[in-house]
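Per-entry structural report
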There are 2 protein chains.
Amino acid sequence: MVSSSSEPYVVSGGEAAGREVKGEDALKALSAYLADDMTACNQAIIDRMQSSVPLIPQLGAHLVAAGGKRLRPLLTLASARLCGYGEKEGETRHIGLAACVEFIHTATLLHDDVVDESTLRRGMASANALFGNKASVLVGDFLFARSFQLMTADGSLEVMAILSAASATIAEGEVLQMSTQNDLSTPIERYLEVIHGKTAALFAAACRVGAVVAGHNRDAELALEQYGTSLGMAFQLVDDALDYAADQQVLGKTVGDDFREGKITLPVLAAYEQGTEEERQFWKRVIEDNEQTEADLPHALEIIARRDAIRITIERAREYVGQAVEALACFPESELKNLLRETVLYTVERAR
Amino acid sequence: MVSSSSEPYVVSGGEAAGREVKGEDALKALSAYLADDMTACNQAIIDRMQSSVPLIPQLGAHLVAAGGKRLRPLLTLASARLCGYGEKEGETRHIGLAACVEFIHTATLLHDDVVDESTLRRGMASANALFGNKASVLVGDFLFARSFQLMTADGSLEVMAILSAASATIAEGEVLQMSTQNDLSTPIERYLEVIHGKTAALFAAACRVGAVVAGHNRDAELALEQYGTSLGMAFQLVDDALDYAADQQVLGKTVGDDFREGKITLPVLAAYEQGTEEERQFWKRVIEDNEQTEADLPHALEIIARRDAIRITIERAREYVGQAVEALACFPESELKNLLRETVLYTVERAR
């Protein structure tokens, strides 16, 4: 394992100027710290993606090639290690479960891209664009089933309960998101419920199972679950902000996707709430009635900037960042704990 | 439980004339025999379909209202009972697992209808036609996750291994079917592999878990698994025959669906194999090139009748019927065994 020479972060407040911005580096340092585990996890992912039906590993290879941050399996590996698991010979359960978590995530990505009719994912053509919607739905189902085979192989009912409940919650979050689509009267609490389901629930489960395999105490399990929840909430809030702020190449997805789909996210809700009557009419037309012209996205970005809606969204993310860092308090200081703290910061840094 | 006054069937050969055709009655008798279990199972299905997200039970209610034969949960209940489970106080595991099997099946139906762009299911508007593809994909995911929660609640790793493997096999079968679409050079073995995956694997798992909860011996488990496999193969072969033979109201689905989708099934493969050069050109145009006019379906039905392709398909189904009946040999004669034998016959009777 490679050591990182990272320094502690200032968690909240402060301007970007004069402060070391780590962003992606924090995540890279965590990956590097867990390099051996991640290599084993990547191998497990490739191995368990195999099938006698050629299209499955083909589509799988595309997804593996597309990369992604592997943030969720990293969380499982890091949580297990933070609880002292993985040092002894034969302590490998966290590897299989990290792969399992990534399979659940990949299955939901495949289905999301079908549901959202996305054509880009992580800056590459999405699987549905390349292989068609049918293949994406079915290979998603396959990966979902495989994830349960991985859990069964692990053999812990507690782990299964956590991950199967998270899987149900993800689907509920996605359905709820669909129900709020185009609806500007969606309360912020409903929006938060959506992002909890679609994102934070799996982050939380990924962290918690790490503690469970370590056989650590209940407090550690709950603390890591809280860390994952708050991290996931911050992560999704920033993701939603980036959809109205970021450059396509940085983001690896099409800017304005959420806008075009009439997805209800905090930047829109905040801009709508603060908006003039004229602006509200604009939002009603483009989001509720879904009548959009090419000029509407730039105009939307303008209003969002004017109403400070990105800052409002990032501020909300910062609250969760604080919670996530706080959740780690019960663990003694260590390099890994520091990296987990920095990973939280990464979620907000990438919005700069 | 209501007794059935059924008599043993003649399994193979013979003409319809002069023989009592039971068809649907056999399945009704099995349902009636297991009435208490089925009531409990239906209740479990309704209970576990609940969610704080209103659209999920709404779509669920549509699926429950659409009914369906509940053949797969019936198989779990019957298998458990055949192995002597369910008589004693507190022996209720088969109920939850039957619901679990139905959830897996319903999830695959929802996704199939999206993949196939079907508008009818069991004679009613399909869920995707009523609620949209997005809802069908996501609620399918939810039901799939719920099925794993039901397995976790049951707590048997053996059951989980069987059902999660079956779930992966179903997805593989569906992907393989997609790969063979429009391809008239598909070998019959590949077609059989497809229907094993998409249908027989869950029938087999549904039966096997019934034996597993009963804690019955390995021989009984394997016998019931074989029964389920063969029954599933026969069932799907007949289903594929009906797509070129049946009246829409009898079938509860649109006749010619498979034809329009360019799906490769035995009636087409048999007709193609036996066909004249002119007929082969026809099949190439309508199936491989997917160029179809309104007159093509009636013409296809004509050729299929001329080439005896329905009979060939049903004959193949009969072979599996024989295997399924044979698989029951290790169980002592009983009313339930008799009903399971008749259920096999039902699969072929409905093709008349």
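Residues numbered from 1 in each chain as written. Chains lettered and ligands numbered in written order. Predicted model: local features only at pLDDT ≥ 70, side-chain atom pairs only at ≥ 80, totals over all residues. Heavy atoms only, no water.

1. Some remarks on the pattern of salt bridges
Once their charged atoms are close, side chains differing in charge can pair, the charge on each being opposite to the other. Tallied over the full model, the rule gives 40 salt bridges over all chains. Here Asp37 of chain A and Arg81 of chain A are joined by a salt bridge, their closest N and O atoms 2.7 Å apart. With Asp37 of chain A in helix 2 (residues 35–48) and Arg81 of chain A in helix 4 (residues 71–82), this pair connects stretches of sequence that are 44 residues apart. The exposure classification of Asp37 of chain A matches that of Arg81 of chain A, with both residues buried. A salt bridge links Asp257 of chain B to Arg260 of chain B; the shortest N-O distance between them is 3.8 Å. (Salt bridge = Lys/Arg side-chain N within 4 Å of Asp/Glu carboxyl O. Helix = DSSP H or I, 4+ residues; strand = E, 2+ residues; numbered from the N terminus. Buried < 20%, exposed > 50% of the residue type's maximum accessible area, 1.4 Å probe, protein only.)

2. Thoughts on the packing of helix 13 (residues 266–274) of chain B against helix 16 (residues 309–327) of chain B
Residue and element names in this part refer to chain B. Where helix 13 contacts helix 16, the two axes come as close as 8 Å, and the packing angle between them is 125°. Classified by the interaxial angle, the pair formed by helix 13 and helix 16 is oblique. The two elements helix 13 and helix 16 cross, and the hand of that crossing is right-handed. Across from Leu266, Pro267, Ala270, Ala271 and Gln274 in helix 13, the residues of helix 16 making contact are Ala309, Ile312, Thr313 and Arg316. (Axes fitted to C-alpha atoms, helices over the stretch in contact; angles between N-to-C directions. Parallel < 35°, antiparallel > 145°, perpendicular 65-115°, else oblique. Left-handed = near helix turned anticlockwise from the far one by under 90°. Contact = heavy atoms within 4.5 Å.)

3. What to know about the relation of the copies chain B and chain A
After a rotation of 180° and a shift along the axis of 0.0 Å, chain B superposes on chain A with an RMSD of 0.0 Å. Expressed as an axis order, the relation between the two copies is that of a two-fold axis. In this assembly the copies share their binding face: 100% of the residues contributing to the interface of chain B also contribute to that of chain A. (Least-squares fit on C-alpha atoms with pLDDT ≥ 70 in both.)

4. Thoughts on the packing of aromatic side chains
One pass over the full model with this rule turns up 10 aromatic pairs over all chains. On the basis of an interplanar angle of 45° and a centroid distance of 5.4 Å, the ring pair of Phe203 of chain A and Phe235 of chain A is categorised as tilted. Taken together, the residues span a long stretch of sequence, with Phe203 of chain A in helix 9 (residues 188–213) and Phe235 of chain A in helix 10 (residues 218–242) at a distance of 32 residues. Phe235 of chain A shares its class with Phe203 of chain A; the two are buried. Ring geometry for Tyr244 of chain A against Phe259 of chain A: centres 6.3 Å apart, planes inclined by 85°, an arrangement best described as edge-to-face. Within this pair, whereas Tyr244 of chain A is found in the loop between helix 10 and helix 11 (248–251), its partner Phe259 of chain A is found in helix 12 (residues 257–261), the two being separated by 15 residues in sequence. An identical accessibility class is assigned to Tyr244 of chain A and Phe259 of chain A; each is buried. Chaining the aromatic ring pairs together yields one cluster made of Phe144 and Phe148 of chain A together with Phe144 and Phe148 of chain B. It is Arg280 of chain A that lies over the ring of Tyr272 of chain A; its NZ or CZ is 4.5 Å from the centre. (Phe/Tyr/Trp six-rings, centres within 6.5 Å; stacked < 30°, edge-to-face > 60°. Lys NZ or Arg CZ within 6 Å of the ring centre and 35° of its normal.)

5. A few points about the interface of chain B and chain A
Listed per partner, the contact involves 36 residues of chain B and 36 residues of chain A. Interface of chain B and chain A: buried area, both sides summed, is about 3400 Å²; carbon and sulfur atoms make up 76% of it. Along the contact surface separating chain B from chain A lie zero salt bridges. At the junction of chain B and chain A, the tally comes to four residue pairs in polar contact (both at pLDDT 80 or more). Elements supplying a minimum of two residues to the side of chain B that touches chain A: helix 3 (55–66), helix 5 (93–116), helix 7 (133–154) and helix 8 (157–180) of chain B. A breakdown of the residues in the side of chain B that touches chain A according to their chemical character gives 21 nonpolar, 10 polar and five charged. (Buried area = accessible area lost by both parts, 1.4 Å probe. Polar contact = N/O pair within 3.5 Å; in protein donor to acceptor, adjacent residues only side chain to side chain. Nonpolar A, V, L, I, M, F, W, Y, C, P; charged D, E, K, R; others polar.)

6. With respect to helix 13 of chain B
Residues and elements named next belong to chain B. Among the nine residues in helix 13, seven count as buried, and that is most of the element. Within helix 13 the residues assigned to the buried category are Leu266, Pro267, Val268, Leu269, Ala270, Ala271 and Tyr272. In this structure, the buried residues of helix 13 make contact with helix 9 (188–213), helix 10 (218–242), helix 14 (277–288), helix 15 (296–306) and helix 16.

7. Some words on the confidence of the model for chain A
With 89% of its residues at a pLDDT of 70 or more, chain A shows a mean pLDDT of 87. Long-range and interchain partners of residues 1–21 of chain A, a stretch whose pLDDT sits below 50, account for 47 contacts in this model, where long-range means more than four residues apart. (pLDDT = per-residue confidence, 0-100.)

8. Structural notes on helix 3 (residues 55–66) of chain A
Since the α-helix advances by 3.6 residues per turn, residues separated by three or four positions end up pointing in the same direction. All names here are of chain A. Relative to the 16 Å expected for 12 residues at 1.5 Å per residue, helix 3 spans 17 Å between its end C-alpha atoms, a close match to the ideal helical length. Looking at helix 3, one finds that the buried residues are Leu55, Ile56, Pro57, Leu59, Gly60, His62, Leu63 and Ala66. Note on helix 3: the residue one or two positions beyond its end, Gly68, has a positive phi of about 90°. (Expected span 1.5 Å × (residues − 1).)

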